[in-house]
Amino acid sequence: MISRGFLGRRRPAEVEKRLPPGQYLVTDFPVLSAGPTPHTPLDRWSFTLEGLVKSPMSWTWEEFRRLPSQTFTVDISCVTKWTKLDTTWIAVSVDTLLKAVQLDPSARYVMAFSDGGYTTNIPLAEMVNGQAFVAYQFGDKDLAPEHGGPARLVVPHLYFWKSAKWVRGLRFMDRDQPGFWESLGYNMHGDPWKEERYSGD
Amino acid sequence: MQPPQLEWQVAKVTAIRPETPQTKSFTLALPRWMAHQPGQHYDVRLTAPDGYRTERSYSVASEPERAGEIDLTVERIADGEVSSYLHDVLMTGDQLEVRGPVGGYFVWDIALGGPLMLIGGGSGVVPLMAMLRHRAARRSTIPARLLYSSRTQDDVIYKSELEAMARSDRELGIAYTFTRQAPSGWIGYHRRIDSAMLEEVMRPLGADIRTYVCGPTLLVEAVASTLVRMGLPAERIRTERFGPTGN
């Protein structure tokens, strides 16, 4: 259906081709969360790999910060329709974390879990080979609490609710299970380029 | 089992009502209407003649008891691609493509119970209004309070309806605060929402309350953190960000 009188505001072609369908460009960094921002003291923070691993692994904040980090520059798209280009993060790649555990061959899916009880599910195959990372700096600053600090998962090729704020660990599973938003009408996968916003998309 | 897809439908604009200088309410008749939960939103999709498309989400302002149609209240955002179209171009009788209702967490209905504490800033009052209209339509006596922060009195959305609601309902209380200009002779709050204000407004509701906070990021972050410090369990505090993104 053509919207009468709507011409739209196109961006330059090189920007337009980086915007997934239905998305619009922002230059600020909107904050969205379902509840209050948790504030876990760093001396009580840990990051854990558990579930289908030979033996679970856990890092303290100090240990986590000593892991090899990388700079990632990625575009991010939120299901609420905004896309932000060229965000820069300092982060530990999930590949680096996985070197510390032996995954059970039946592990196919990951549930990321966070302070405050938030969870989100992602296929394991979409977490490896540089596709996902745990970030503690945004730009040149420590990641602010409202943006998920001290550390958040970033899975840039999926809608941003998959990039769990305040992430505290990954649980490896053999079957896909819904996390928080996935139980409330949002898509199990969440690929912005296929516009997988809601259940059934 | 794959759940059914939420499909796009072509709504007809049956009424457009200015609420404040910056907000308008749009009544949409839906061919495939279904009852929403108060607090849910609809997606709106605009398509240009060359196929260019963009989408936005807007909270439903109306109560689900109004079958066949919904109201969306939209704030005009400076330079907003969709809000300026809705405000300046869309007319009664036009068609508008929408899909919904969407969102399953920032929702309340009388079955969830109360007491209910609603805290809104600016156009963040819109989903809270759906909750209050639903509560009124069902003649619920669940105790409820709305604490509503606006810049000035002219920015108060649904002013006369809120006042009528509060007058006719002993279990509903509405408190306003103005962050810029207060009306002359105003003896109410004239500052940003703080813990003293929250305590005063919430006290009559007791401890076991459900709170919904919607507004600009700074307000939502400040209010939600204050509620946690006041001892409210985090799972009783539901938040939604609303309004222009602003740097």
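Whatever comes next refers back to the structure up there.
Below is a summary of the structure that appears in this document. Since we're looking at a predicted model, the values are computed, not measured.

Reading the values: rules and limits
- The numbering scheme is per chain: residues are counted from 1 as the chain's sequence reads.
- Throughout, the order in which chains and ligands are written sets their labels, letters from A for the former and numbers from 1 for the latter.
- For a predicted model such as this one, the threshold for reporting local features is a pLDDT of at least 70, and the threshold for listing and counting side-chain atom pairs is 80 or more; totals across whole chains, interfaces and linings nevertheless cover every residue.
- Side-chain metrics rest on all non-hydrogen atoms present in the structure, leaving aside hydrogens and water.
- Cavity means a closed set of points on a 1 Å grid over the protein atoms alone, one where a 1.4 Å probe fits but cannot get out, pocket means an open set with protein on both sides within 12 Å along at least 5 of 7 lines, and lining means a residue has an atom within 4 Å of a point.
- Grid points are joined across faces, edges and corners, and a volume is the space filled by probe spheres set on the points.
- Residues are grouped as follows: Ala, Val, Leu, Ile, Met, Phe, Trp, Tyr, Cys and Pro are nonpolar; Asp, Glu, Lys and Arg are charged; every other residue, Gly included, is polar.
- By the convention used here, residues are in contact when the closest approach between their heavy atoms is within 4.5 Å.
- Computed with a 1.4 Å rolling probe, the buried area is the accessible surface lost when two parts are put together, summed over both parts.
- Salt bridges are defined as contacts in which a side-chain nitrogen from Lys or Arg sits within 4 Å of a carboxyl oxygen from Asp or Glu.
- Identification of polar contacts relies on pairs of N or O atoms within 3.5 Å, with a donor-acceptor requirement for protein atoms, meaning one able to donate a hydrogen and the other able to accept it, and with residues adjacent in sequence counted only if both atoms are side-chain atoms.
- Each helix corresponds to a stretch of at least 4 residues labelled H or I by DSSP, and each strand to a stretch of at least 2 residues labelled E; elements are numbered beginning at the N terminus.

### Thoughts on the layout of surface pockets
At step 1: Size it by volume and the second largest pocket reaches roughly 180 Å³.
At step 2: L184(A), G185(A), Y198(A), S199(A), P4(B), L6(B), M34(B), Q40(B), P101(B), V102(B) and G103(B) together form the lining of the second largest pocket.
At step 3: Across the lining of the second largest pocket, the residue classes break down as seven nonpolar, four polar and no charged.

### Observations concerning the interface of chain B and chain A
At step 1: With 49 residues of chain B at the interface, the matching set in chain A holds 36 residues.
At step 2: Here chain B and chain A share an interface that buries about 3,600 Å² over both sides, 52% of which is from carbon and sulfur atoms.
At step 3: The largest per-residue losses of area from chain B upon contact with chain A belong to Y52(B), E55(B) and Y105(B), which jointly make up 15% of the total buried on that side.
At step 4: Counting across the chain B and chain A interface gives six salt bridges.
At step 5: Counting every contact that joins chain B to chain A gives 21 residue pairs in polar contact (both at pLDDT 80 or more).
At step 6: Sorting the residues of the side of chain B that touches chain A by element identifies β3 (41–47), β4 (53–59), α1 (81–88), β6 (95–102), α5 (217–229) and β11 (237–241) of chain B as the ones contributing at least two each.
At step 7: Looking at the side of chain B that touches chain A, its residues break down into 19 nonpolar, 16 polar and 14 charged.

### Some details on unusual backbone geometry
Among all residues except glycine, the phi angle is most often negative; among peptide bonds, the trans geometry is most common.
At step 1: The amide bond that connects G149(A) to the next residue, P150(A), takes the cis arrangement and shows omega of 15°.
At step 2: The residue after G100(B), namely P101(B), is reached through a cis peptide bond having omega 0°.
At step 3: Summarising the element assignment, P101(B) is placed in strand β6.
At step 4: Here W166(A), not a glycine, exhibits a phi torsion of approximately 50°, which is positive.
At step 5: Inspection of the secondary structure puts W166(A) in the loop between β10 (152–154) and β11 (167–173).
At step 6: Even without being a glycine, Y158(B) presents a positive backbone phi close to 60°.
At step 7: Here Y158(B) is to be found in the loop between β8 (144–150) and α3 (159–167).

All we've got here are geometric facts, nothing functional implied.
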